[in-house]
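This is what each chain is made of:
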Amino acid sequence: MSMDIEEFRKAGYAAIDQICDYFYSLEEKPVVAQVEPGYLAKLIPQAPPQEGEKFEDIAADYQRCIVPGLTHWSHPSFFAYFPTACTFEGIIADLYTSAVSNPGFNWICSPACTELEVIVMDWAAQLFGLDAAFMNSGRAGGGCLQTTASESALIAAVAARNTFMDAHQGVRLEDLVIICTTQTHSLALKAGRVLGLAVRAIEVGPEDAYALRGSQLRKAIAEETGKGRRPFFIIATIGTTSSGAVDNLSEIREVVREHPDIWLHVDAAWAGVALSCPELRAQLLLDEVNAVAYSFCTNFHKWGLVNFDCSTLWVRDRLALTRALDVTPEFLRTKEGDAGTVTDFRNWHLALGRRFRSLKLWFVLRSFGVEGFRAHIRKGIAQNNVFVNLVEKSPYLRLAAPPSLALTVFRMVPGWTEEAKSVVEEPSVSSAADKAVTIAASGGVAESKTPNVLTRALWERLERRRGDLYLTQTLLNGVFCLRIAIGASRTQEEHVRRAFAIIEEEATAVAKELDI
Ligand SMILES: *Cc1c(COP(=O)(O)O)cnc(C)c1O
């Protein structure tokens, strides 16, 4: 029953037609799937069919059973988490990639796969202004594609651990500690769990806009060392997930210089692609990255126009990676590998096999060009500025942290009184959620109407009632906030204005309901 080439041609054209219809109808769909948990088990049998089925039926069931259960990340009103990129160039590249399904672990598996990745990683390094020290064409460093920023950080940690243990004979694994902050992505704790290593999260707060300072890092290193622990890996973030904070790499740079055996990994999973714009490089501390990062990661698959997954990892010392990860049994040996004339990417990541991701990066970078890529980033920032201006004029909404690129974190306040302002601007109290109640009470606002209570009420209304946009929430040191993350390719200014109107409408309803 399986498809032959001509049947594939027909079904393939039909699939492309359906995908085009999907994009045409996207805006009419609710952003978030309107199904209950377990919905699919009611539509699909509990066992595979004994006999093969007609592909037409299978394709029809995709529309009937699967599409209703999709949350539409490419919807122009998707502002949750960070939107994932989806471009037609990327889709087509994925189609070709599927057609040559090959695991690319050694150069000879498909020389084109390895060589294209080597080249486009250098293109990407130039796009972001990364130093030549990180480039594959250089002598020591290099870059390759990973599935995700979490895996990139894990790989960097493995290389760092190996390098540190080599340099410090006799250190026990249980003494090693990873250093990050309370705003670092969960990838730090996950790396710690996977590797069985301790993680120290330095508390950062609103007084520094949730960014790590050099003095805090110096103190944490001294404290950990005092306890007999060995800090070996620091994760600094450019553009944190909650609020887009940028750790103070100018200061961190000085501290790291005093500890050259600690590996500094820079996680710029979301914001890193904005380095493509020269005017943003100072603010995103590119010079510092180039001067001190041992490894750097950003995701093209968030704001960077390349369909999931496409995470980039660059290292200053590729031997640190391959020394940690190169395991070569006889069956993986090749004459080119033995001669050392080729890159075998199996030694640069966790698995043996890898997808041919460089094709979509190549298609996208060629189709958009550097200027087109920059225009996309600038569009997101300009749209966010529109949102910020609207929030600043709103009677009920206030920024909860400085806006960052295309991300704004905001909350609801009880109207525009001086008291209310001071409530919001008060540095948040502690990590205990809803402690804001205490501040609010001292500011004379009834406990039931504190910004945290109001913002949660607003969030519940948006989540329960509004299928026409999707936002997510976060907690910044106990302060409950909403995040709007702009950057989906199809989002236009009108969608951002509409999102604001919806939020304001619901905030007005909350105000009325709670009588403020
Ligand atoms: C999204 C994000 C990550 C995790 O991304 P994955 O690629 O899904 O692992 C890590 N760090 C930051 C700052 C992020 O915004």
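From a predicted model like this one, the values you see are computed outputs, not experimental measurements.

## Observations concerning the site of the ligand
Step number 1: Neighbouring residues of the ligand: 15 residues in total, closest Ala 149, Ser 150, Asp 267, Asn 299 and Lys 302.
Step number 2: At 2.6 Å, a side-chain N or O of Asp 267 approaches a nitrogen atom of the ligand.
Step number 3: A distance of 2.9 Å separates an oxygen atom of the ligand from a polar atom in the side chain of Lys 302.
Step number 4: Spatially, the ligand is embedded in the second largest pocket.

## So, the nonpolar core
Step number 1: If you look at the biggest cluster of nonpolar residues, it comprises 99 residues, and the most contacted ones within it are Phe 128 and Phe 300.
Step number 2: The residues touching Phe 300, leaving out its near neighbours within four places in the chain, are Ala 85, Ala 124, Leu 127, Phe 128, Val 273, Leu 305, Val 306, Cys 310, Thr 312, Leu 361, Leu 365 and Phe 373.

## Remarks on the domain arrangement of the protein chain
Step number 1: Taken domain by domain, the protein chain holds domain 1 (104-355) and domain 2 (368-513).
Step number 2: Between domain 1 and domain 2, the C-alpha centre-to-centre distance is 32 Å.
Step number 3: Taken together, the 30 residues of domain 1 in the interface contact 26 residues of domain 2.
Step number 4: Of the roughly 2,200 Å² buried between domain 1 and domain 2 on both sides combined, carbon and sulfur atoms contribute 65%.
Step number 5: In this structure, Arg 378 engages Glu 279 in a salt bridge whose closest nitrogen and oxygen atoms are separated by 2.6 Å.
Step number 6: Taken together, the connections running from domain 1 to domain 2 amount to eight residue pairs in polar contact (both at pLDDT 80 or more).
Step number 7: Of the residues belonging to the side of domain 1 that touches domain 2, the class tally is 17 nonpolar, ten polar and three charged.

## With respect to the side chain of Arg 354
Step number 1: When you line up the elements, Arg 354 lands in the loop between helix H11 (335-339) and helix H12 (358-393).
Step number 2: When residues no more than four places from it in sequence are discounted, the contact partners of Arg 354 are Asn 102, Pro 103, Gly 104, Phe 105, Glu 117, Cys 144, Leu 145, Phe 345 and His 349.

## With respect to the sheet that holds strand S2 (residues 176-181)
Step number 1: Across the sheet, seven strands lie side by side as S1-S7-S6-S5-S4-S2-S3; this open sheet has mixed pairing. The sheet is open, and its two edges are formed by strand S1 (142-146) and strand S3 (198-202), each paired on a single side. Here the strands of the sheet are splayed against their neighbours by 20° on average, with no regard to which way each runs.
Step number 2: Sheet analysis places S1 next to strand S7 (residues 311-315), joined by five bridges and oriented antiparallel. If you follow Cys 144 over to S7, its bridge partner there is Leu 313.

## Notes on the side chain of Asp 247
Step number 1: Within the fold, Asp 247 resides in the loop between strand S4 (230-237) and helix H8 (249-258).
Step number 2: Within the buried core, Asp 247 has no salt-bridge partner, and the shortest N-O distance to an opposite charge, that of Arg 213, equals 9.5 Å.
Step number 3: In this structure the side chain of Asp 247 is engaged in a polar contact, spanning 2.8 Å, whose partner is the backbone nitrogen of Leu 212.

## Side note on H8
Step number 1: Buried residues of H8: Leu 249, Ile 252, Val 255 and Val 256, and no others. Across the axial projection of H8, the buried residues extend over an arc of 115°, all falling on one side.
Step number 2: Its buried side turned inward, H8 meets helix H7 (214-226), S4, strand S5 (263-267) and helix H9 (286-292).

## Some thoughts on the sheet that holds strand S11 (residues 479-485)
Step number 1: The four strands are arranged S8-S9-S11-S10 in an open sheet whose pairing can be described as antiparallel. Strands with a single pairing partner mark the edges of an open sheet, and in this sheet they are strand S8 (397-399) and strand S10 (472-476). Geometrically, the sheet is characterised by an average inter-axis angle of 45° between neighbouring strands, direction not taken into account.
Step number 2: As judged from the three bridges shared by S8 and strand S9 (residues 407-412), these two strands associate in the antiparallel manner. Its bridge partner lying in S9, Leu 399 is registered against Phe 410.

## Observations concerning the pattern of salt bridges
Step number 1: Inspection of every chain in the model, using the stated rule, returns 35 salt bridges.
Step number 2: With a closest N to O distance of 2.8 Å, Arg 9 and Glu 6 form a salt bridge. Highlighted residues: Arg 9 and Glu 6, both in helix H1 (residues 5-25), separated by three residues, approximately one helical turn.
Step number 3: Among the residues examined, Arg 9 registers a relative accessible area of 42% and is labelled partly exposed.
Step number 4: With relative accessibility at 47%, the residue Glu 6 sits in the partly exposed group.
Step number 5: Residues Asp 309 and Arg 357 are paired through a salt bridge, measuring 3.1 Å at the closest nitrogen-oxygen approach.

## Side note on helix H15 (residues 451-465)
Step number 1: The end-to-end C-alpha distance of H15 is 21 Å, a good match for the 21 Å that 15 residues give at a rise of 1.5 Å each.
Step number 2: Regarding H15, the residues found buried are Pro 451, Asn 452, Leu 454, Thr 455, Ala 457, Leu 458, Trp 459, Arg 461 and Leu 462.

## Thoughts on the packing of helix H4 (residues 111-128) against H12
Two numbers describe a pair of packed helices, the interaxial angle and the distance between the axes.
Step number 1: With their axes 10 Å apart at the nearest point, H4 and H12 run at an angle of 25° to one another. Of the possible angle classes, the one that applies to H4 and H12 is roughly parallel. The chirality of how H4 crosses H12 is left-handed. Counting all contacts with H4, which are made through Cys 113, Leu 116, Glu 117, Val 120, Trp 123, Leu 127 and Phe 128, the residues of H12 involved are Ser 358, Leu 359, Leu 361, Trp 362, Leu 365, Arg 366, Val 370 and Phe 373.
Step number 2: Per-class residue counts for the contact of H4 with H12 are twelve nonpolar, one polar and two charged.

Basis of the calculations
- Residues numbered from 1 in each chain as written.
- Predicted model: local features only at pLDDT ≥ 70, side-chain atom pairs only at ≥ 80, totals over all residues.
- Heavy atoms only, no water.
- Near = heavy atom within 4 Å.
- Polar contact = N/O pair within 3.5 Å; in protein donor to acceptor, adjacent residues only side chain to side chain.
- 1 Å grid on protein atoms, 1.4 Å probe; cavity = no way out; pocket = protein on both sides within 12 Å on 5 of 7 lines; lining within 4 Å.
- Sits in = over half its atoms within 2 Å of the grid points.
- Core = buried A, V, L, I, M, F, W, Y, C linked by side-chain atoms within 4.5 Å.
- Buried < 20%, exposed > 50% of the residue type's maximum accessible area, 1.4 Å probe, protein only.
- Contact = heavy atoms within 4.5 Å.
- Domains from an automatic or database assignment.
- Buried area = accessible area lost by both parts, 1.4 Å probe.
- Salt bridge = Lys/Arg side-chain N within 4 Å of Asp/Glu carboxyl O.
- Nonpolar A, V, L, I, M, F, W, Y, C, P; charged D, E, K, R; others polar.
- Helix = DSSP H or I, 4+ residues; strand = E, 2+ residues; numbered from the N terminus.
- Pairing = 2+ DSSP bridges.
- Axes fitted to C-alpha atoms, helices over the stretch in contact; angles between N-to-C directions.
- Lys, Arg positive; Asp, Glu negative; His and termini not counted.
- Arc of directions from axis to C-beta.
- Expected span 1.5 Å × (residues − 1).
- Parallel < 35°, antiparallel > 145°, perpendicular 65-115°, else oblique.
- Left-handed = near helix turned anticlockwise from the far one by under 90°.

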